[in-house]
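# Understanding the architecture of this molecule
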Amino acid sequence: MPVSPRIAVDEARDILPASTPQERLRNFCIIAHIDHGKSTLADRMLQITGIVEERAMRAQYLDRMDIERERGITVKSQAVRMPWQVDGVNFALNMIDTPGHVDFTYEVSRSLAACEGAILLVDAAQGIEAQTLANLYLAMEHDLTIIPVLNKIDLPGAEPEKYAAEIGQLVGVDPDDVLRVSGKTGVGVSELLDHVVETLPAPHGEVDAPCRAMIFDSVYDTYRGVVTYIRVFDGSLKSRDRIDMMSTGAHHELLEIGVSSPEPHPTPGIGPGEVGYLITGVKDVRQSKVGDTITTSIRGAQEALEGYSEPKPMVYSGLFPIDGSDYPVLRDALDKLKLNDASLIYEPETSTALGFGFRVGFLGLLHLEIVRERLEREFNLELISTAPSVVYQVMMEDGTEVEVMNPSDFPVGKVDSITEPITKATILVPSEFIGAVMELCQSKRGSLGGMDYLSEDRVELRYTLPLAEIVFDFFDQLKSKTRGYASLDYDVSGSQVADLVKVDMLLQSEPVDAFSAIVHRDKAYNYGVEMAGKLKKLIPRQQFEVPIQAAIGARIIARENIRAMRKDVLSKCYGGDISRKRKLLEKQKEGKKRMKNIGSVEVPQEAFIAALSSDEGDMPKDAKKK
Amino acid sequence: MSPLSVYIHVPFCAVRCGYCDFNTYTATELGGGGSQAEYAANAMREMDLTLASDRAAGYDYERVSTVFFGGGTPTLLPADDLVAMLEHLRTLIPLADDAEITTEANPDSVTRASLSRLAAGGITRVSFGMQSAVPSVLATLDRTHDPEKVPQAVAWARDAGLDVSLDLIYGTPGETIEDVEISVKSALACGVDHMSAYSLIIEGNTAMARQLRRGELEAPDPDDMADKYELVDDLATADGLSWYEVSNWARTPAQRSRHNLAYWRGTDWWGIGPGAHRHRDGLRAWNVKHPSRYARMLGLGEMPVADSEQVAAEDRLVERIMLELRIADGLAAEVIPVERRPMLAVHRDRGHLDPVALDAGRAVLTRSGRLLADAVIRDLVP
């Protein structure tokens, strides 16, 4: 491992928090695809700078949630202050860990806004992925200085020449200037840190101006309440200050202020250009919103920093406990998760098919999956989720407008038009799959916005696609049509009027709410036929014939029949059979109690669950690190 | 004092059939006094103990109204053994003058002589396990008798003065609807006054279930079973028999099996023999299954009971609805719990309950209702 001088904390008097001059500060983040080795590189930096001792080192030190560690993704970002010496001069480096997924674009943008530069980290065996490209563009929009780096150069399959050319072209540097490291072995990491000091601009806030600090993350901690991570732009914060949240005007006392390196260290304050954390005693991250500006209550700033916005759920899904008696557990669990997730919103929902549950809004599919997994794992719940739905604006002929987040809330009456969210999607794919991807996008109502060759055999395709198509099963199909090579990024970019209809599934003329869907008129028939077929297979025969119909309004577009059950009798029942038969009857009665009644049709909940589950797998699988 | 029925289980067979999950053994020599030769003596000892135990509990019976030798294959024992058991029972409790004394038999386990001996010894009725008249179906069921022998056995029994019933099984894998027609017609051609027909139920612990799992046999289809049941009912009805329980048909009410009706009406009965069940005023008890263990316990002067349960009042109501609804007389509507009674009209409207009988206050299954009896029962029990 190359030796760069480590600095003991007590030797670094010139870079103490709250008194480090801005020219000795460097704030950066790492932009990388999920499994391109960001956490491993960060671990190596912690080790090389000496702030984590060898024996305390554990893999992916910064990822705190089990689920993050397991899946190798970072949902919540964090900041670490590391000392580093170049040419005998001490510097304080702040590494801000960014979430790596499209669902958290807003959080990413706030993390980027807290930095002057970004390391673009790309796997030397795989090349850049669509989500990384999207975050790179985002970083460029924030005028960040980009340091392109190829990671995993120790891998046998690494092709550093090829991918250096690719990212060199993207960033606009000579391929030879693309750094090469191995987070695993540590090769090149010291040089990279030197490079950070040499090439990234120092912060240049106004030292004497009223304080303005931006919240780029806020995390709920059971023992400490909400820990808020901030980047100070102008002025400074002192441990005894009272602070204001500029979006709400709320006042808070500071209980603690400090920096992470990587464990929290209280400090007398945080100076201009610096990154740190503060604790105010609030118990809910909603009181400490990402993107908000903090200032001092006395002689505070008049104008907030730019870029704050409220998180807005894009995807809604019903979450229902499989065991109905778990409903209160689910409610408490959501209340707890909410403390740490400002974007999580929910309200009670009742479904004839699935019982009591919640309609939950998510930033995207990964967010949905993470929340669901946390609920199941941390709260020991078994859940079923309905097909994700986007938010539609329905304009009625009488001029009223209705927002629909749940197909079963679709208004009755004459509809004038329906507006759906659309996305700008970027797909990176080997050129041999261009045809397949174009065909897929076309079938998903996409329109091609442009196409660029990143290298000889890799292409960037830009599409406008309805969000509803993406949340349905787009990603699975994309992966299967490109043998897993395509990567996808999308960002909600607006809305469009589309010829959409609500398809209801009826059992004996009674709608089954969990299966209603809003789909494009051209696809309504397919949806109806497929769903009717699926339900026919899953719903047991009843004592009478049960028609399954798919309907748009009053018009039936598809139909299946479940024939009446003709035989349900044990033919023998003599002396020795009576006890056994009575017990069987009791068991069957118990089973009957667990049935859901749709009209007079008794359906085992498992049938609904199976019908919903077979639609699963529409989450981006690359969010999972194997 | 109420009448008593007595069931005597003879747990021996010449061959074990692939579909059978009854408590039966093919070995002639079982250790510990449990072999066939010692069976009658053991059963008689159990009768003694049962009588003593009933009396100790304050139960006494004036008459035995029905006796049923079931199996297994009771006629695998010498006719004298069956007669001896009956004689012994008679010394404990007198038989009613019109007592119905039935034995099950395989068509190939009887002779003209053995049937005469049984009749002379007091047996009044014989129920033959005919199962089918089609050789390929009998082969699938592992039945060894030649179908040609059935009419002969029936004739011998009738000559001996016995009432005769034939048992059929429908729904055997590979059996066609034509096969069922042949079987029912040949059963009826014997001129019997009573017939039982059971859909084949493949229990999980049988050889046939294993064949099914290995894919060597095709699983029975419920619709096919329903078609076959309806055919059986059509043919029996056309021949002048009428159903009196889901799986039983008789020419006149007098020819119904009174022993089985006793089960369905919840009266008291003894269960003698390994694995046999008894019922006494809500107390159900069942014997240990293995003949050797059974014999050993009797040798020690113990009742060979494996376990028992006292059926709670609510469960007795469940049993009553469950059993009486299956018989043609049906069930008085007022027996059904008030909150369940609205389901009577629902099932009438679905065609499962006879509307005329319901107007008269009785729940009586229609033919489609018989095929869905369990579903109807689930809706009517508390």
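Along each chain, the written sequence defines residue order, and numbers are assigned to residues from 1. Throughout, the order in which chains and ligands are written sets their labels, letters from A for the former and numbers from 1 for the latter. Totals for whole chains, interfaces and linings use all residues, but because this is a predicted model, local features are given only for residues with pLDDT of at least 70 and pairs of side-chain atoms are given and counted only at 80 or more. Hydrogens are left out, water is left out, and the side-chain values use all remaining heavy atoms of the structure.

### Section: the packing of helix α12 (residues 342–349) of chain B against helix α15 (residues 373–380) of chain B
All names here are of chain B. Note on geometry: axes are lines fitted to C-alpha atoms, helical ones only across the stretch in contact, with angles between N-to-C directions running from 0 to 180 degrees. Think of it this way: any DSSP run of H or I at least four residues long counts as a helix, any run of E at least two long counts as a strand, and we number them from the N terminus. The contact between α12 and α15 brings their axes to 9 Å, and the two run at 155 degrees. Here α15 runs roughly antiparallel to α12, going by the angle between their axes. For the pair α12 and α15, the sense of crossing is right-handed. Between α12, through Met343, Leu344 and His347, and α15, the contact on the second element is made entirely by Ala375, Val376, Asp379 and Leu380. Asp, Glu, Lys and Arg are counted as charged, while Ala, Val, Leu, Ile, Met, Phe, Trp, Tyr, Cys and Pro are counted as nonpolar; the rest, among them Gly, fall into the polar class. Across the contact of α12 with α15, the residue classes tally to five nonpolar, one polar and one charged. We call two directions roughly parallel when the angle between them is under 35 degrees, roughly antiparallel when it is over 145, roughly perpendicular when it lies between 65 and 115, and oblique otherwise. Here is the rule for handedness: rotate from the far helix to the near one, and if that takes an anticlockwise turn smaller than a right angle the crossing is left-handed, while a clockwise turn gives right-handed. Note on contacts: a residue pair qualifies if any of its non-hydrogen atoms lie within 4.5 Å across the two residues.

### Considerations on the confidence of the model for chain A
Detailed reading of predicted coordinates is not advised where the pLDDT is low. Residue and element names in this part refer to chain A. Overall, the predicted model of chain A reaches an average pLDDT of 87, with 92% of residues at or above 70. In this model residues 71–77 is a low-confidence stretch, pLDDT under 50, and it forms 43 contacts with partners more than four residues away in sequence or in other chains. Every residue in residues 615–626 scores below 50 in pLDDT, and together they form 38 contacts with partners more than four places removed in sequence or on other chains. Confidence scores here are pLDDT values: one per residue, from the predictor, ranging 0 to 100.

### Let's talk about the sheet that holds strand β18 (residues 345–351) of chain A
Residue and element names in this part refer to chain A. A pair of strands counts as paired when DSSP detects no fewer than two bridges linking them. Reading across the sheet, the four strands line up as β18-β19-β17-β20 and stay open at both edges, with antiparallel pairing between neighbours. Two strands bound the open sheet, and with one partner strand each, they are β18 and β20 (383–385). When the angles between neighbouring strand axes are averaged without regard to direction, this sheet yields 30 degrees. Summarising the sheet, β18 and strand β19 (residues 355–362) pair through seven bridges and their orientation is antiparallel. Bridging from a neighbouring strand, serine 351 pairs with glycine 355 of β19.

### Let's talk about the interface of chain A and chain B
In many reports, interface size means the accessible area that the parts give up when they come together. Taken residue by residue, the interface counts 28 residues in chain A and 45 residues in chain B. Here the buried area means the combined drop in accessible surface, using a 1.4 Å probe, for two parts upon being joined, counting both sides. Its largest share of buried area at the contact with chain B, chain A owes to A:Gln543, A:Arg566 and A:Tyr574, together 21% of the area lost on that side. Whenever a carboxyl oxygen of Asp or Glu lies within 4 Å of a side-chain nitrogen of Lys or Arg, that contact is scored as a salt bridge. Taken together, the connections running from chain A to chain B amount to 12 salt bridges. We note a salt bridge from B:Arg378 to A:Asp568, for which the minimum N-O separation is 2.5 Å. For this analysis, a polar contact is any N or O atom pair within 3.5 Å, provided that within protein one partner can donate a hydrogen and the other can accept it, and provided that sequence-adjacent residues contribute only side-chain to side-chain pairs. Between chain A and chain B we count 28 residue pairs in polar contact (both at pLDDT 80 or more) in total. Residues that form the side of chain A that touches chain B fall into these classes: eight nonpolar, seven polar and 13 charged.

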